[in-house]
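# Overview (structure and organization)
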Amino acid sequence: MECNVHLTMKTTARYLSKKKILFKRILTSKVKSTIDRYKKCRFWLTKGLLRVANNWKETAPSARGRTATTAGIDGMFLGLDENRDLLVKRLNAGQDLYPNCDTSVWLRNCTRDIPTPVQGTIKGKIPEWLSGSLLRNGPGSTQVGSYEFKHIFDSSALLHRFAFKNGTISYQCRFLESNTYKKNKAAQRIVITEFGTRACPDPCNTIFHRFSNVFKWGDNQSDNAMISIYPIGDEYFAFTEYPTMIKIDPTTLETLTTIDIGCLTGIVHHTAHPHVAADGAVFNLATVPKIDGPHYCVVKFPRVDSETGYRYSTDEMFGRMCIVATIKCRWPLHPGYMHSFGMTEHYFVVVEQPLSISLSTAVVNRFKGDPLSSALKWFQDCPTLIHLISRSDGKTVKTFKSDAFFYLHIINQYEEDDHIVIDICCYRDPSMIDCMFVEALQNLNKNPDYAAMFRSRPLRFVLPVNCDNPISGDVENDHLYVSPEKLCDLGCETPRINEFNIGKKYRFFYAISSDVDAENPGTLIKVDTYNKTCKTWCEQNVYPSEPIFVSLPDAEDEDDGVVLSSIIWGGSECENQAGVIVLDAKSWTEIGRAVFVTQSPVPKCLHGWYAAAL
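What counts, and where the lines are drawn
- Think of each chain on its own: its residues are numbered from 1, step by step along the sequence as written.
- Totals for whole chains, interfaces and linings use all residues, but because this is a predicted model, local features are given only for residues with pLDDT of at least 70 and pairs of side-chain atoms are given and counted only at 80 or more.
- Here the side-chain values reflect all heavy atoms present in the structure, with hydrogen atoms and water set aside.
- Runs of H or I in DSSP of at least four residues are treated as helices and runs of E of at least two as strands, each being numbered from the N terminus.
- When accessible area is computed with a 1.4 Å probe and restricted to protein chains, residues below 20% of their type maximum are described as buried, those above 50% as exposed, and intermediate ones as partly exposed.
- In this description, contact between two residues means that some pair of their heavy atoms is separated by no more than 4.5 Å.
- In these tables, accessible area is a Shrake-Rupley quantity obtained with a 1.4 Å probe, and a residue counts as shielded only by the protein chains included in the view.
- For the purposes of this analysis, a disulfide is any pair of cysteine sulfur atoms at a distance within 2.5 Å.
- We call a set of buried residues a nonpolar core when its members are Ala, Val, Leu, Ile, Met, Phe, Trp, Tyr or Cys and they connect through side-chain atoms within 4.5 Å of each other.
- Salt-bridge detection follows one rule: a side-chain nitrogen of Lys or Arg within 4 Å of a carboxyl oxygen of Asp or Glu.
- Working definition: the arc comes from the directions between the helix axis and the C-beta atoms, pointing outward to the latter.
- Think of a 1 Å grid over the protein atoms and nothing else: a 1.4 Å probe that fits but is trapped marks a cavity, an open set flanked by protein within 12 Å on at least five of seven lines marks a pocket, and residues with an atom within 4 Å of a point count as lining.
- Grid points are joined across faces, edges and corners, and a volume is the space filled by probe spheres set on the points.
- Here, strands pair whenever DSSP counts at least two bridges between them.
- Only the contacting stretch of a helix is used when fitting its axis, a line to C-alpha atoms as for every element, and angles between N-to-C directions run 0 to 180 degrees.
- Each aromatic pair joins two rings of Phe, Tyr and Trp (for Trp, the six-membered one) with centres within 6.5 Å, and gets the label stacked for planes under 30 degrees apart, edge-to-face for over 60, and tilted for any other angle.
- The criterion for a charge sitting over a ring is simple: Lys NZ or Arg CZ within 6 Å of the ring centre, and within 35 degrees of the ring normal.
- Amino acids outside the nonpolar list (Ala, Val, Leu, Ile, Met, Phe, Trp, Tyr, Cys, Pro) and the charged list (Asp, Glu, Lys, Arg) are all regarded as polar, and Gly is one of them.

### A closer look at the overall build of the chain
Along the chain, the regular secondary structure elements total eleven helices and 38 strands. Considering the chain as a whole, with its 614 residues, one finds that 54% of them fall into the buried category. Within the chain, counting contacts between residues at least 6 apart in sequence, those at least 24 apart form 66% of the total. Carbon and sulfur atoms provide 53% of the accessible area of the chain, an area that totals close to 27600 Å².

Spelled out as structure tokens, the structure:
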């Protein structure tokens, strides 16, 4: 008996020893695999460090060449924030600092979809020629179970549709059922780390798992496409800045399929605002890592075969996706943050602001599970670079520099008399991103600097393409310094123009107010870029979203048409209500509106698209 027990113990020990050796081999193999991935990246990371060290001084902005008539970016904001002392006095007296601004419109949580269109109450008259769908995208809920997102850009995407037909309007809304949304909903917690929100801890996610996932850039990446909607071919897609696009049904708002273009091209980031050319081709600006550092690449989805004239289907457009232009990021360890870019008849316009993504911090954040927002680095003393890239051969033609400024949206750009004119909604720095944290929105009335942080102005930059001997003489590293002019003295955001004039000389653009300390922050703005004048429309307690221009069928003038804007109302008593307003674009007066009563709160949205005849 003792012999059998001894034999059994010996056999068990031998078995456990083999298992221990096998486990050690597997662990060693996985660690070695992860180290090998690191070594592949180490070459260009090391080279990037040397390049940054050698070129840092060369990229610093120069004050040389600025005269009394060239005030620079800071000059555009002089005198706008002189009332801070008054705000501090009001704060100390217990008063609200911005009583006219209700930021709760961003923080509402939709709890029930409206999959079946509902009819609204019409006020005024809706043009009968207006036939199509105003599609909208934006934050839908800041909550998952008992957990809350920290930043508005992390909110679960909510799609909206306002359908116009024969003078009537219907409304429906539906959550975008991305993989991230479905995982969060199933777990009833925040499963994936977002831009400003850390995922809830997963007890099964060990240190080894986190380490091995550091260089698997596509794993556990959010596909919460809550920024914009654009057409590609005959289909419509929800966009975010991660290299994923989610196809939606524009009539039911049903989520269809997810396209991961990062797997196809190695893209790690692209803008949320592509350009749709006149022939239907789609262009977007992406960031692609290469052996010598990250590059900005313009990606094309062709719509028409140049030789046969055959029109590709949407699937064929994706299959023929190609890179048509490339330019190296100025800092290999700090690629710039891009939200939009420009395109004219002959040029791509890449505006490289000194807000960058620190790759080293991003790697550490990925290991720790921290959000990307803390990897953003702002270099105030470095200039903004504006690159002109030829559309014919993809090569950089010229680079200009300006004072440091932050931007999200380019209004428009066009060619005129050997110059490129580009209009941009500019901020002094990226503080406005911090203003969109949930806590910051909730504490708006306790922050005397909030309005200044959110302050923007529409600025025009004129780039002399063929000017080899500039009068100012401010040329350093072949970068000519350019100073902007102000298009109007109102804060403008989410700008839109007549789509027929994108990349061409234009006169008017439309925007919403970004001045939270204005008498009425919920203001729609029409800017005349010729006369530098503007018209405004507002109504107390009404908050419009991005204004979208729709041209008259027989339009003659640039502003012959209407402007559509979804609207919501401030205050808790109006949170279960949504609407859409129709303005005459020429006179900037209201024609009509529709108001809808909903079963759950409706938050303010971001961007969208007008789909004709849908």
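### What to know about the state of the cysteines
Within this structure, the stated rule accounts for zero disulfides. Free cysteine: Cys-297, not disulfide-bonded; nearest cysteine sulfur from Cys-329 at 8.4 Å. Left unpaired, Cys-534 is separated from the closest cysteine sulfur, that of Cys-488, by 4.7 Å.

### Observations regarding the nonpolar core
The nonpolar side chains of a soluble globular protein tend to be buried, and buried together. Counting 89 residues, the largest nonpolar core has Tyr-98, Phe-164 and Leu-564 as the members making the most contacts within it. Among the elements that make up this core, the one with the highest residue count is strand E6 (residues 156-165) (five residues). Discounting chain neighbours no more than four positions away, the residues touching Tyr-98 are Leu-87, Leu-444, Asn-445, Asn-447, Pro-448, Asp-449, Tyr-450, Ala-451, Val-516 and Asp-517. Listed in part, the 38 residues of the second largest apolar core include Tyr-347, Ile-389, Ile-422 and Val-465.

### With respect to the pattern of salt bridges
Tallied over the full model, the rule gives 24 salt bridges. Of the charged contacts, one joins Arg-455 and Asp-517 as a salt bridge, the two residues approaching to 2.9 Å between their closest N and O atoms. Taken as a pair, Arg-455 in the loop between helix H11 (450-453) and strand E25 (456-464) and Asp-517 in the loop between strand E30 (508-513) and strand E31 (523-528) lie far apart in primary sequence, 62 residues in all. Close ionic contact of Arg-457 with Asp-489 constitutes a salt bridge, the shortest N to O distance being 3.0 Å. Of this pair, Arg-457 sits in strand E25 while Asp-489 sits in the loop between strand E28 (485-486) and strand E29 (492-496), and the two are 32 residues apart along the sequence. Overlapping salt bridges, with partners in common, bring together Asp-81, Arg-428, Arg-455, Arg-457, Lys-486, Asp-489, Asp-515 and Asp-517 in one network.

### Examining the environment of Thr-244
Along the chain, Thr-244 falls in strand E10 (residues 244-248). Under the relative-accessibility criterion, Thr-244 is labelled buried at 6%. For the pair formed by Thr-244 and Cys-263, sequence separation is 19 residues and the distance between their alpha carbons is 9.5 Å. Not counting the four nearest positions on each side in its chain, Thr-244 is found in contact with Asp-223, Ala-238, Thr-258, Ile-259, Asp-260 and His-270.

### Observations concerning the side chain of Thr-240
Following the sequence through the fold, Thr-240 ends up in the loop between strand E9 (235-239) and E10. With sequence-adjacent residues up to four places away left out, Thr-240 is seen in contact with Asn-224, Ala-225, Met-226, Ile-227, His-270, Thr-271 and Ala-272.

### Some remarks on helix H4 (residues 179-187)
An α-helical turn contains 3.6 residues, so any two residues separated by three or four positions project in the same direction. Residues of H4 that are buried: Thr-180, Tyr-181 and Asn-184. Seen from one end, H4 has its buried residues packed into an arc of 100 degrees, which puts them on one side. Following H4 by one or two positions, Gln-188 adopts a phi angle in the positive range, close to 55 degrees.

### Quick look at empty space enclosed by the protein
A water-sized probe, rolled over the atoms, reveals where empty space remains. A complete count under the given rule lists two cavities of 30 Å³ or more for this structure. Put simply, the largest cavity is a space of about 70 Å³. Lining the largest cavity are 13 residues, with Phe-162, Ser-566, Ile-567, Ile-568 and Val-602 sitting closest to its centre. Elements represented by at least two residues in the lining of the largest cavity include exactly E6, strand E35 (561-569) and strand E36 (577-584). Sort the elements by how many residues they give to the lining of the largest cavity and E35 lands first, with three residues. Roughly 30 Å³ of volume is contained in the second largest cavity. Phe-149, Ser-156, Ser-178, Thr-180, Tyr-181, Asn-184, Glu-194 and Asn-224 are the residues that line the second largest cavity.

### Overview of the sheet that holds strand E32 (residues 533-538)
Pairing within the open sheet is antiparallel, and its four strands lie in the order E29-E30-E31-E32. Strand pairing shows two members of the sheet lacking a second neighbour, E29 and E32, which therefore form its edges. Averaged over all adjacent pairs, the angle separating strand axes in this sheet is 30 degrees, with direction ignored. Where E31 meets E32, six bridges bridge the pair, whose relative direction is antiparallel. Residue pairing across strands places Asp-528 opposite Thr-533, the latter belonging to E32.

### A closer look at the pairing of strand E37 (residues 589-597)
Looking at chain direction, strand E2 (residues 121-124) and E37 are connected through four bridges and run antiparallel. Opposite Thr-121, over in E37, you have Val-595 as the bridge partner. Pairing of E36 with E37 involves eight bridges; the strand directions are antiparallel. Within E37, the position partnered with Gly-579 by the bridge is Val-595. Here E36 hands over to E37 after four residues, with Trp-588 in that stretch at a positive phi of 60 degrees.

### With respect to the packing of aromatic side chains
Under the criterion given, the structure shown has 20 aromatic pairs. Taken together, a centroid distance of 5.5 Å and an interplanar angle of 65 degrees make the contact between Phe-237 and Phe-318 edge-to-face. Remark: Phe-318 occurs in helix H7 (residues 314-319) and Phe-237 occurs in strand E9; sequence separation between them is 81 residues. Assigned by exposure class, Phe-237 and Phe-318 land together as buried. Between Tyr-510 and Phe-549 the ring centres are 5.8 Å apart and the planes differ by 5 degrees, which places this aromatic pair in the stacked class. Of the two residues, Tyr-510 sits in strand E30 while Phe-549 sits in strand E34 (residues 548-551), which places them 39 residues apart along the sequence. Residue classification places Tyr-510 among the buried positions, given a relative accessible area of 1%. Ring pairs connect the aromatic residues Tyr-98, Tyr-450 and Phe-454, which therefore count as one cluster. Sitting over the face of the ring of Phe-283, Arg-391 holds its NZ or CZ atom 5.2 Å from the ring centroid. Over the ring of Phe-508 we find Lys-526, and its NZ or CZ is 4.4 Å from the ring centre.

### Topic: the layout of surface pockets
If you add up the space inside the second largest pocket, you get close to 1400 Å³. Lining the second largest pocket are 47 residues, and of these Val-276, Glu-499, Phe-500, Ile-502 and Trp-609 lie nearest its centre. At the level of secondary structure, the elements contributing two or more residues to the lining of the second largest pocket comprise strand E8 (228-232), strand E13 (275-276), strand E23 (406-416), E29, E34 and strand E38 (607-612). Tallied by class, the residues present in the lining of the second largest pocket amount to 24 nonpolar, 13 polar and ten charged.

### Concerning the sheet that holds E38
Taken in spatial order, the five strands line up as E1-E7-E6-E3-E38 in an open sheet, and their pairing is antiparallel. Across the chains shown, the open sheet's two edge strands, defined by having one partner strand only, are strand E1 (114-119) and E38. Put simply, the sheet's adjacent strands are angled 20 degrees from each other on average, direction ignored. Summarising the sheet, E1 and strand E7 (residues 168-175) pair through three bridges and their orientation is antiparallel. Across the sheet, the residue bridging to Gln-119 is Ser-170, located in E7.

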